[in-house]
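Spelled out from the first residue to the last, the chains are:
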Amino acid sequence: MKISVEHIAKLARLSLSEQEKELFSAQLNSIIVYVEKLSELDTKDIEPTSHVLSLNNVVRDDTPRESILRDEALSNAPDHTEKFYRVPKIIE
Amino acid sequence: MKYEAVIGLEVHAQILTDTKIFCGCSTKFGSEPNTQTCPVCIGMPGVLPVLNKKTLEFVIKTGFAMNCTISPYSRFARKNYFYPDLPKGYQISQYELPICEHGYTEIVVDGNVKKIGITRIHMEEDAGKNIHESASGGQGGNYSFVDLNRAGVPLMEIVSEPDIRSPKEAAEYMKKLRTILRYLGVCDGNMEQGSLRCDANVSVRPAGQKEFSTRAEVKNINSFKFVEKALEYEIKRQIKVIEEGGKVLQETRLWDSNKGITESMRGKEEAHDYRYFPEPDLVPIMVEQKWVDNIKSSLPELPDVKRERFVSEYGLSEYDADLLTDEKPLADWYEEATASYSLSLSGSKIISNWVKGELTRLLNEENKTIEECPLKPKQLAEMLTLMDKGTISGKIAKTVFEEMYKTGNDAEVIVKEKGLVQISDESAIEKAVDEVIAKNPKEVERFKAGDEKLIGFFVGQIMKLTKGKANPQIVNELLKKKLL
């Protein structure tokens, strides 16, 4: 399996230089090769698992809790105005 | 060539909870931007989402109302895409193993009942809201602004089978869905405020062809008015493409209500590659049978059942029953009025006429819903009793009704205060009859010459003279006696 770095980058809205493409492509593919080792296991008789915990049905009641202050929330963003997160223009 | 449209709808309904789906932030609409967020819903690292139990309960409720099976094992999935209104870079949704599957609902189109299959109903979180330069006052022009109050608000997505064959059926289906959601109290059904949104998958095929053709997805149908219009446009467009020898592309199109057309999102849209995988932060849901049974038994009487009951129990026409059961509070109002008036069938029809006539008119004039109606059902019943007793005439009743609606006073009080008691005293009415006859010699002559329609004119004049209070029966009798 080979990862298309360009495709992944496009999905994540990242523009990569040729150098980066090569670098990340090599890194991602080595990760894939590493994980692919798992497919050597015979899992014929094993139920698929999506969660490692043996927990189910963790729910909370519909009771409001304090939200955090707007300033506090916005302060984590690279760019914001007094009331909004500010991002590069989305539509033409 | 004749074509047939094939339509499937994906409806997003905002679930009426007080808090978001995975955190305790408020879902209140219209608050100051970015004041209802916390580390969970703005996607800070290291936080853990926890499912709001009410979300689950409301979706299961809806599942039952749509004749779905409730999955004994269900889980969440991450839908990955990159957009500024999605702080985590993925939306928590359901993919395989949604909570409800394999349902249906029935719609009535041109008198025929039709079953529309429900593929699935699943839970997911809403994204935030993007505001573009022009909307926020236009500073600079190179930015968009993000409000994350809506991020994490619970939604259910109701996906229909491609069973819909016309824009009209689609509109009926939407109406039906809205009615059910409102009956259940799980969604307010307000399309204009975005609490009910609809995307449509549309394709056309030559009549008789079994296979589906390539479909386009129409998004942004944000008002009830536009469901039919947007689909009509899209169907016509696809037929034209085919007849001109072209091919319908599989693409997403946006409905533009100002231009009345759908437009391709070409280029503007992110590639559809969501790379779904099970959400590791949320544990699976294995609903307890007892709890689910409880939810099922708590369901209210649903619109279809209520409508049929209104027909059989109150002797109403299908049409009237449909009107009265469209909104549960209206149906409740009607039933309360009927219960306090009379057990006879004619009584329930009379109430039906007042509710869909005068009451609806007055409510519409002020843009009020039945829940805001100042008039109590019992008050209508009492007024009708006054009519039956002959205290007021049918004509005066309209005045009394309006007055009751405006002041909230009982009919009896209004009738006394305004002196609206019907005149049934024959001699008093006779005086008015004589006066009208004396004043209109020409009309009298024409009437005697055979122009019998003029009887209405005379009745009208007498009513005018008595301010509508004369007992119409006595007026008619006297007129006939004097003129014939």
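Engineer: What am I meant to see in the overall build of chain A here?
Structural biologist: Counting secondary structure elements, chain A contains 3 helices and 2 strands. Moving toward the C terminus, one meets the helices and strands of chain A in the order α-α-β-α-β. What you see for chain A is a C-alpha radius of gyration of 22 Å, clearly larger than the 12 Å of a compact globule of 92 residues, by over 25%. The principal-axis extent of the C-alpha atoms belonging to chain A is close to 55 × 45 × 25 Å. Here chain A holds 92 residues, and the buried ones make up 20% of them. When contacts within chain A are restricted to residue pairs at least 6 apart in sequence, those whose partners lie at least 24 apart make up 23%.

Engineer: So what exactly am I meant to see when it comes to the interface of chain B and chain A here?
Structural biologist: How large an interface is tends to be reported as the accessible area lost when its parts come together. Opposite the 54 residues of chain B that make contact, chain A presents 35 residues. When chain B packs against chain A, close to 3,900 Å² is buried across both sides, 60% of that on carbon and sulfur atoms. Among the salt bridges present, the one from B:Glu32 reaches A:Lys83, with a minimum N-O distance of 3.6 Å. Looking at the side of chain B that touches chain A, the elements with two or more residues in it are strand S2 (51–52), helix H1 (53–65), strand S8 (129–132) and strand S9 (143–147) of chain B. When its residues are assigned to classes, the side of chain B that touches chain A shows 29 nonpolar, 14 polar and 11 charged. The pairing of strand S1 (residues 59–60) of chain A with S2(B) spans 2 bridges and is classified as parallel. For A:Val59, the partnering residue across the bridge sits in S2(B) and is B:Leu51.

Engineer: What should I look at first to understand the packing of aromatic side chains in this one?
Structural biologist: Geometry of an aromatic ring pair is reported as the spacing of the ring centres plus the angle between the planes. If you walk through the whole model with that rule in mind, you get 12 aromatic pairs over all chains. Measuring from centroid to centroid gives 5.4 Å for B:Phe22 and B:Phe76, while their planes differ by 85°, and the two rings are edge-to-face. Taken as a pair, B:Phe22 in the loop between strand S1 (3–14) and S2 and B:Phe76 in the loop between strand S3 (69–70) and strand S4 (77–80) lie far apart in primary sequence, 54 residues in all. For the pair shown, B:Phe22 and B:Phe76 are each scored as buried. Considering the side-chain rings of B:Trp354 and B:Phe401, the 5.0 Å spacing of their centres and the 45° angle between planes classify their relative orientation as tilted. With B:Trp354 in helix H8 (residues 345–365) and B:Phe401 in helix H10 (residues 394–407), this residue pair connects regions lying 47 residues apart in the sequence. Feature note: the residues B:Tyr81, B:Tyr95, B:Tyr274 and B:Tyr276 constitute an aromatic cluster, connected by ring pairs. One cation-aromatic arrangement involves A:Arg86 over B:Tyr143; the distance from NZ or CZ to the ring centre is 4.0 Å.

Engineer: How should the domain arrangement of chain B be read in this particular structure?
Structural biologist: Residue and element names in this part refer to chain B. When its domains are assigned, chain B resolves into domain 1 (3–295), domain 2 (303–418) and domain 3 (426–483). Centre-to-centre, using C-alpha coordinates, domain 1 lies 38 Å away from domain 2. Contacts between domain 1 and domain 2 engage 8 residues on the former and 9 residues on the latter. Of the roughly 720 Å² buried where domain 1 meets domain 2, counting both sides, 47% is carbon and sulfur surface. For the domain 1 face of the interface with domain 2, the top three residues by lost area are Thr179, Arg182 and Tyr183, together amounting to 68%. At the surface where domain 1 touches domain 2, the tally comes to 3 salt bridges.

Engineer: Sorry if this is basic, but what is going on with the confidence of the model for chain B here?
Structural biologist: Detailed conclusions should not be drawn from predicted coordinates in areas where pLDDT is low. Residue and element names in this part refer to chain B. Scored by pLDDT, chain B comes out at a mean of 88, with 96% of its residues at no less than 70. Across chain B, the element-wise mean pLDDT spans from 76 in helix H11 (residues 411–418) up to 97 in strand S10 (residues 154–160). In the predicted complex, the global pTM is 0.83; the interface-specific ipTM is 0.88.

Engineer: Please clarify how empty space enclosed by the protein should be interpreted in this entry.
Structural biologist: The gaps left among the atoms become clear once a water-sized probe is rolled over them. All names here are of chain B. One pass over the structure, following the stated rule, counts 2 cavities of 30 Å³ or more. In this structure, the second largest cavity encloses a volume near 30 Å³. Around the second largest cavity sit Cys41, Asp85, Leu86, Pro87, Lys88, Glu125, Asp126, Ala127, Ala151 and Gly152, which together line it. Taken together, the residues of the lining of the second largest cavity sort by class into 5 nonpolar, 1 polar and 4 charged.

Engineer: Would you explain the sheet that holds S4(B) in this entry?
Structural biologist: Within a sheet, adjacent strands bond to each other through the backbone by hydrogen bonds, running parallel or antiparallel. All names here are of chain B. What the 3 strands build is an open sheet, ordered S5-S4-S15; its pairing is antiparallel. On the outer flanks of this sheet lie strand S5 (90–93) and strand S15 (277–278), each paired with one strand and no other. Inspection of the sheet shows S4 paired to S5 by 4 bridges, in the antiparallel sense. Residue Lys79 lies in a different strand from S5, and its bridge partner there is Gln91.

Engineer: Would you mind showing me how to read the sheet that holds S1(B) here?
Structural biologist: Residues and elements named next belong to chain B. Spatially, 9 strands are ordered S3-S6-S7-S10-S1-S11-S12-S13-S14 in an open sheet, and the strand pairing comes out mixed. Two strands bound the open sheet, and with one partner strand each, they are S3 and strand S14 (261–264). Note: strand S6 (residues 100–109) against strand S7 (residues 112–125), 9 bridges, orientation antiparallel. Looking at the pairing, Val108 lines up with Val113 of S7.

What counts and what doesn't
- Residues numbered from 1 in each chain as written.
- Chains lettered and ligands numbered in written order.
- Predicted model: local features only at pLDDT ≥ 70, side-chain atom pairs only at ≥ 80, totals over all residues.
- Heavy atoms only, no water.
- Helix = DSSP H or I, 4+ residues; strand = E, 2+ residues; numbered from the N terminus.
- Rg over C-alpha atoms; globule rule 2.2 N^0.38 Å.
- Buried < 20%, exposed > 50% of the residue type's maximum accessible area, 1.4 Å probe, protein only.
- Contact = heavy atoms within 4.5 Å.
- Buried area = accessible area lost by both parts, 1.4 Å probe.
- Salt bridge = Lys/Arg side-chain N within 4 Å of Asp/Glu carboxyl O.
- Nonpolar A, V, L, I, M, F, W, Y, C, P; charged D, E, K, R; others polar.
- Pairing = 2+ DSSP bridges.
- Phe/Tyr/Trp six-rings, centres within 6.5 Å; stacked < 30°, edge-to-face > 60°.
- Lys NZ or Arg CZ within 6 Å of the ring centre and 35° of its normal.
- Domains from an automatic or database assignment.
- pLDDT = per-residue confidence, 0-100.
- 1 Å grid on protein atoms, 1.4 Å probe; cavity = no way out; pocket = protein on both sides within 12 Å on 5 of 7 lines; lining within 4 Å.
- Points joined across faces, edges and corners; volume = space filled by probe spheres on them.

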